[in-house]
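Chain and residue survey
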4 protein chains.
Amino acid sequence: MANEYRQQDKQELLERLKRIEGQIRGISRMIEEDQYCVDVLVQVAAARAALNKVGLKLFEDHTRGCVARALRSKEGGGEVIDELIDVLHRYIK
Amino acid sequence: MANEYRQQDKQELLERLKRIEGQIRGISRMIEEDQYCVDVLVQVAAARAALNKVGLKLFEDHTRGCVARALRSKEGGGEVIDELIDVLHRYIK
Amino acid sequence: MANEYRQQDKQELLERLKRIEGQIRGISRMIEEDQYCVDVLVQVAAARAALNKVGLKLFEDHTRGCVARALRSKEGGGEVIDELIDVLHRYIK
Amino acid sequence: MANEYRQQDKQELLERLKRIEGQIRGISRMIEEDQYCVDVLVQVAAARAALNKVGLKLFEDHTRGCVARALRSKEGGGEVIDELIDVLHRYIK
């Protein structure tokens, strides 16, 4: 199934992901340079929080876009909600 | 404070981080190509789980290394435990 | 704003919560009896997982109920989605 | 294996758990009274955060107590660390 992100959301998501890529590279560098593990753990927590924000933004765009469209359609969107809850299980555990 | 990772742990961590970097780039590509948001959400969850494993590996190495050393030293390691619990708060919330 | 849970969902949620209450009392007992902290930590993790399932069930019922209704209404449900994403932030962090 | 919590930590943990029990009962009441699901979700998130704090307190007491003792003993505490990391996996996922 294809999807069309709003141009602005797309740009925001790609910029966030670019920053996360940089964070991951920074963590590798810290480990290569034998930096103190607690400092590395703080950076891993920061990258994880940034990734969670990407997930939340995607949940938001998905609900406003596909879910809303499906719920307003004749089919009623039951499947789209099943799918949404299914993926939510991967985040809340 | 400096730190010395065991060579094998270091290699394992760097490989995991390399894979995560690839996962993040893959997610950017999916968004650029307007792939279905639920599929993107599944990949974000996978990158997040991989990052958690890096965190857990660092906690393990840190406990076996710095924490153990500090607890066996004359000073008793009280501060090192404060620091460990402090960073744990960023992961469990 | 009032809400009406489907009778079956309500029953299921109340039973889950009853069990969690029992789990919490069990944890208190373990601590009173000075049981080994790792065993207590395992039980706390179990209660936490059970509570997450209650949260997920509520998200599901809410999306199928209130969110679906709002999205199909004339107003379009924008506010209901804001609210949903807002509460999701408390679970994914 | 038995364990001895410091009296003050024990009291603090039992009080926190008592409050969580009350929170769980409050959530059941909200559902019985058909209160709005987003309000219920906020209370579930609060109980979950309170339970996480109990977990963190237990991790702290365990590290300061059993882990420290084991690491200072002749056996070196390798097993105690395995066990600690193992239970940490249940919290970070």
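Definitions and cut-offs
Residues numbered from 1 in each chain as written. Chains lettered and ligands numbered in written order. Predicted model: local features only at pLDDT ≥ 70, side-chain atom pairs only at ≥ 80, totals over all residues. Heavy atoms only, no water. Helix = DSSP H or I, 4+ residues; strand = E, 2+ residues; numbered from the N terminus. Contact = heavy atoms within 4.5 Å. Areas by Shrake-Rupley, 256 points an atom, 1.4 Å probe, with all protein chains shown as cover. Lys, Arg positive; Asp, Glu negative; His and termini not counted. Charge placed at Lys NZ, Arg CZ, Asp CG, Glu CD. Patch = residues over 30% accessible without salt bridge, like charges linked within 9 Å, V, L, I, M, F, W, Y side chains within 5 Å. Salt bridge = Lys/Arg side-chain N within 4 Å of Asp/Glu carboxyl O. Buried < 20%, exposed > 50% of the residue type's maximum accessible area, 1.4 Å probe, protein only. Buried area = accessible area lost by both parts, 1.4 Å probe. Least-squares fit on C-alpha atoms with pLDDT ≥ 70 in both. Axes fitted to C-alpha atoms, helices over the stretch in contact; angles between N-to-C directions. Parallel < 35°, antiparallel > 145°, perpendicular 65-115°, else oblique. Left-handed = near helix turned anticlockwise from the far one by under 90°. Nonpolar A, V, L, I, M, F, W, Y, C, P; charged D, E, K, R; others polar. Polar contact = N/O pair within 3.5 Å; in protein donor to acceptor, adjacent residues only side chain to side chain. Core = buried A, V, L, I, M, F, W, Y, C linked by side-chain atoms within 4.5 Å. pLDDT = per-residue confidence, 0-100.

Right, let's get into the overall build of chain A. Looking only at helices and strands, chain A has three helices and zero strands in total. Secondary structure elements in chain A, listed N-terminal to C-terminal, are α-α-α. In terms of overall dimensions, chain A has a C-alpha envelope of 60 × 30 × 15 Å along the principal axes. Counting only contacts in chain A whose residues sit at least 6 apart along the sequence, the fraction spanning at least 24 positions is 50%. For chain A, the accessible area works out to roughly 4,400 Å², and carbon and sulfur atoms hold 45% of it. Of note, chain A has its 16 positive side-chain charges centred 4 Å away from the centre of its 16 negative side-chain charges.

There is a patch of like positive charges on the surface, built from K53 of chain A, R90 and K93 of chain B, R90 and K93 of chain C together with K53 of chain D. For R90 of chain C, a relative accessible area of 39% corresponds to the partly exposed category.

On to the interface of chain A and chain B, then. In this assembly, 41 residues from chain A lie in contact with 41 residues from chain B. For the pair chain A and chain B, the two sides together bury roughly 4,400 Å², of which 69% comes from carbon and sulfur. Sorting the residues of chain A by area buried against chain B places Y36, L41 and R48 of chain A first, and these three jointly supply 17% of that buried surface. Counting across the chain A and chain B interface gives four salt bridges. We note a salt bridge from R25 of chain A to E21 of chain B, for which the minimum N-O separation is 3.1 Å. When contributions to the side of chain A that touches chain B are tallied by element, the ones reaching two or more residues are helix 1 (7-32), helix 2 (37-72) and helix 3 (78-88) of chain A.

Attention now moves to the relation of the copies chain A and chain B. Each copy of the sequence occupies a distinct position, and chain A is placed on chain B by a rotation of 180 degrees and an axial shift of 0.0 Å, giving an RMSD of 0.0 Å. Interpreted geometrically, this transformation is the action of a two-fold axis.

This part is about the packing of helix 1 (residues 7-32) of chain C against helix 2 (residues 37-72) of chain C. Residue and element names in this part refer to chain C. The contact between helix 1 and helix 2 brings their axes to 10 Å, and the two run at 165 degrees. As far as their axial angle goes, helix 2 and helix 1 are roughly antiparallel. Of the two possible hands of crossing, helix 1 and helix 2 adopt the one that is left-handed. Its residues assigned to classes, the contact of helix 1 with helix 2 shows 15 nonpolar, two polar and seven charged.

Moving on to the relation of the copies chain D and chain B. For the pair chain D and chain B, the best superposition has an RMSD of 0.0 Å and corresponds to a rotation of 180 degrees with a translation of 0.0 Å parallel to the axis. By residue overlap, the copies meet face to face through one surface: 100% of the interface positions of chain D are interface positions in chain B.

This part covers the pattern of salt bridges. Going through the model one piece at a time under the given rule, you end up with 40 salt bridges over all chains. Where D34 of chain A meets K10 of chain B, a salt bridge forms, and the shortest distance between an N and an O atom there is 3.2 Å. Linking D34 of chain A in the loop between helix 1 and helix 2 with K10 of chain B in helix 1 (residues 7-32), this pair reaches from one chain into another. K57 of chain A is paired through a salt bridge with D61 of chain A; the nearest N and O atoms lie 3.1 Å apart. Residue K57 of chain A and its partner D61 of chain A are both found in helix 2; the two are separated by four residues, about one turn of the helix. The residues K57 of chain A and D61 of chain A share a single accessibility class, namely buried. Here the salt bridges share partners, and the residues they tie into one network are K18, E21 and R25 of chain A together with K18, E21 and R25 of chain B.

A separate point is the interface of chain D and chain B. With 21 residues of chain D at the contact, the number on the chain B side is 21 residues. Buried surface at the junction of chain D and chain B, summed over both partners, amounts to about 2,100 Å²; 70% is from carbon and sulfur atoms. When the area that chain D buries against chain B is broken down by residue, the three leading residues are L56, L71 and I92 of chain D, summing to 30%. Between chain D and chain B we count two salt bridges in total. In this structure, R64 of chain B and D82 of chain D form a salt bridge, with 2.5 Å as the shortest nitrogen-oxygen distance. On inspection of chain D and its partner chain B, the count reaches six residue pairs in polar contact (both at pLDDT 80 or more). Looking at the side of chain D that touches chain B, the elements that each hand over two or more residues are helix 2 (37-72) and helix 3 (78-88) of chain D. Ranked by residue count, the leading element in the side of chain D that touches chain B is helix 2 of chain D, at 10 residues. Of the residues contributing to the side of chain D that touches chain B, the split by class is 10 nonpolar, five polar and six charged.

The next thing to look at is the nonpolar core. In terms of nonpolar packing, the biggest core is built from 140 residues, with F59 of chain A together with F59 of chain D touching the most fellow members. The contacts of F59 of chain A, once residues within four sequence positions are left out, are L84, V87, L88 and Y91 of chain A, L41 of chain B together with I85, L88 and I92 of chain C.

Below, the discussion takes up the confidence of the model for chain A. Close inspection of predicted coordinates is inappropriate in any region flagged by low pLDDT. In the predicted model, chain A carries a mean pLDDT of 92, and the fraction of residues at 70 or more is 97%. Ranking the elements of chain A by mean pLDDT puts helix 3 of chain A last, at 92, and helix 1 of chain A first, at 96.

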